[in-house]
Every structure is written in C-alpha cells, then in structure tokens.
Amino acid sequence: MEVIKENSKIVLENWVHQFSDELFSWALYKTSSKETAEDLVQETFLAAFHKIDTFQGKSQPKTWLFSILNNKVIDYYRLSAKTTKKTFSISENSGYELSDGLFNETENWKNNDINPIWDQEEELLDNPEFNIIMQDCMDDLPQKWKFAVTSKYLTDKNADEICQELEITVSNYWQIVHRAKLLLKKCLEMKWL
Amino acid sequence: MQKIMNMMVNSCKKTTELIDKQLFTPLTAKEKMQLQVHKSMCKTCTAYEHQSKFIDTAIGKLFTGKLKVNIKMPEKKKNKILEEIKNS
C-alpha cells in the first residue's frame, strides 16, 4: 500500500512540473484572480492525488486534471454566487434600481441617442483594452447576475440546471440576464470612450 | 385611438425585455407583433437589440477566446503544492 502511495506521489510531482502553468493560466482566465487561480490549481492537484486510483489512464493526464479544475472553477462560482462577502459588486437591489434608471417614468429611454461606441463594434471585440473594460463591467454586476450571464460558458449545464443552482426560476433567469445586459450596456457606454 | 395604440405598443422598457426574452423562450404571437411594431418606430430599441447580441458575443469572447499568453504559476506556489503532496 505504501509503495502505491509513494508511486502516486512521484506521478503527481511530475504532473505539477508539467501541467501547473497551463492549469494556472486557465484558472486565471476563468476567475480573473491570481490568488483564486493558485488555490484552485492546488486543490486540483490534491484532489487528483486523493483519487488517483479512479484515473485509469483512459484519458490523458492533462485532460483529467483539466476536468477536475473545471469542476473546481464551477464550485468557486457557485459559492461566490451564494455568499456576498468580500466583493465589490453591487447588491441585486441596486442592480434593479440602476437598470430601471435607464428609463423615465413612462418607461421609455431617458436618453434616446445611440452611443457611437456601438458603430465600431466589429473591431471592438479584438481590442484587448475593450475586453478588460468588459471584464470590469462584469465584475461590477451583482454576483448572482454575473454567474447568470457567464454560467453557460463555464459549464455544460442547460438552463434548467443553472437555474437550480442559482435557486431561481427559468423566467427569473432570463430577467436577470436581461437586467445584467442593461447594466453592461450602461457601463460600457460610460467606461469605453 | 390612444387606447388601441397603448395596447399595441409597448414601452421601451417592456420592449427591451422582449428582446432579451426571445433569446431564451419563444415569444407569443402577440409579443412578436408588439416587438415588431415598437421596433419599426423606435431606433433606440432597434439599436438595443443589436447591442444585446453584441454583449452576448463579447461575453462569449471573454470565456472562449484562445489564451494568447501562457502565464507561469509562481514557483513559490508550485513548491508549496509539491510540499503538500509530499506530506499527504
């Protein structure tokens, strides 16, 4: 038994040397936080170590590690969607107020002008600076809303499963996505000049 | 006449809701008509539909865009992980 454990350690050590940078880059990309990314990679390797007997060499080690990491990323978002501590994002109530604020008392646009930023959209998407602002604007969203708009890219889950996770109904789901988009529009128009 | 207009024509707020709703569930015939009528008269909402799709694409890009840079994990953290495994 000890021998197997020692062997696992050697395998794991090799994997850390081989794959940690790639896993880290990916985690960083998904979470935009260096600290979180480091922690998730550590958790990934420790989880891999503890369940290495379930790895039967059917897939590449790298694929296997990435699947563990992706689950960790999802857990991370699930957790941060439910807890509100230590975030700079606004509350859901402020989110509703801010998005309502785009419309006047007759529920029509307060400002009918179409911001010129939307004319250059094709180029915008390839502009790294724009993507940084986009990320900033996403981070400003209430945590739950951010998860609602990003979840379809983070998981293979369908809308029903995502709703279950967020403890909302499907009709609530599209309304949250809708509100989130209004805020993103507002934020982009303010920050991208 | 005003009454009929109000029944037919949604506010901009309601219209933007329909614009985003249709990406999730099919609209009813009435909703579809309301959306068309409103858009035909309102440039700002027509633009919003465009912007909404654009925002979708932009979010997708954040998550599915190719990683251009490979960022190295700090050695210190790497060593800590190796240490943790050793002590497990």
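In what follows, the accompanying structure is described. In this text, all values refer to a predicted model and were calculated from it rather than measured experimentally.

With that out of the way, let us pick up the overall build of chain B. Helices and strands together make up the secondary structure of chain B, namely five helices and zero strands. The buried share among the 88 residues of chain B stands at 23%.

This part covers the nonpolar core. Judged by nonpolar contacts, the single largest core of 22 residues is most densely connected at A:Leu23, A:Ala27, A:Val41, A:Phe45 and A:Leu69. Listed by contribution, the elements that provide at least two residues to this core are α1 (2-31), α2 (34-50) and α3 (61-82) of chain A together with α5 (75-87) of chain B. With nine residues, the single largest contributor to this core is α1(A). Contact partners of A:Phe45, with chain neighbours within four places excluded, come to A:Leu12, A:Val16, B:Ile81 and B:Ile85.

Residue and element names in this part refer to chain A. Of note, the phi angle at Glu107 is positive, near 65°, even though the residue is not glycine. With respect to the helices, strands and loops of the structure, Glu107 is situated in the loop between α4 (92-100) and α5 (121-124). Phi angles above zero are rare outside glycine, and Glu167 is one such case at about 55°. With respect to the helices and strands, Glu167 occurs in the loop between α8 (159-166) and α9 (170-191). You can call Glu167 exposed: it has 10 C-beta atoms within 10 Å.

Every contact between the two is made by 41 residues of chain A and, on the other side, 38 residues of chain B. Elements with a contribution of two residues or more to the side of chain A that touches chain B: α1, α2, α6 (128-140), α7 (143-154) and α9 of chain A. Examining the composition of the side of chain A that touches chain B, we find that 11 residues originate from one element, α1(A), more than from any other. Considering only residue class, the side of chain A that touches chain B consists of 22 nonpolar, 10 polar and nine charged.

What follows is about the environment of A:Ala47. Here A:Ala47 shows up in helix α2. In the structure, A:Ala47 is positioned 22 residues away from A:Leu69 in sequence and 9.4 Å away in space, judged by C-alpha atoms.

Residues and elements named next belong to chain A. α9 packs onto α4 with a crossing angle of 60° between their chain directions and a minimal axis gap of 9 Å. Along this stretch, α4 crosses α9, giving a crossing that reads as left-handed. In this structure, α4 contributes Gly95, Tyr96, Leu98 and Ser99 to the contact, and α9 contributes Arg179, Leu182 and Leu183. When the residues that make up the contact of α4 with α9 are grouped by side-chain class, the tally is four nonpolar, two polar and one charged.

Okay, the packing of α6(A) against α9(A) next. Residues and elements named next belong to chain A. Put simply, α6 and α9 touch, their axes get as near as 9 Å, and they point 135° apart. With respect to each other, α6 and α9 are oriented oblique. Our pair here, α6 against α9, has a crossing hand that is right-handed. When α6 is examined against α9, the residues Ile133, Asp136, Cys137 and Asp140 are found in contact with a partner set consisting of Leu184, Cys187, Leu188 and Lys191. Along the lines of polarity and charge, the residues of the contact of α6 with α9 split into five nonpolar, no polar and three charged.

Turning next to the environment of A:Lys9. Within the element layout of this structure, A:Lys9 appears in helix α1. When sequence neighbours within four positions are dropped, the list of residues in contact with A:Lys9 reads B:Ile85 and B:Lys86.

Calculation rules
Residues numbered from 1 in each chain as written. Chains lettered and ligands numbered in written order. Predicted model: local features only at pLDDT ≥ 70, side-chain atom pairs only at ≥ 80, totals over all residues. Helix = DSSP H or I, 4+ residues; strand = E, 2+ residues; numbered from the N terminus. Buried ≥ 20, exposed ≤ 12 C-beta atoms within 10 Å, placed from the backbone. Core = buried A, V, L, I, M, F, W, Y, C linked by C-beta atoms within 7 Å. Contact = placed C-beta atoms within 7 Å. Nonpolar A, V, L, I, M, F, W, Y, C, P; charged D, E, K, R; others polar. Axes fitted to C-alpha atoms, helices over the stretch in contact; angles between N-to-C directions. Left-handed = near helix turned anticlockwise from the far one by under 90°. Parallel < 35°, antiparallel > 145°, perpendicular 65-115°, else oblique.

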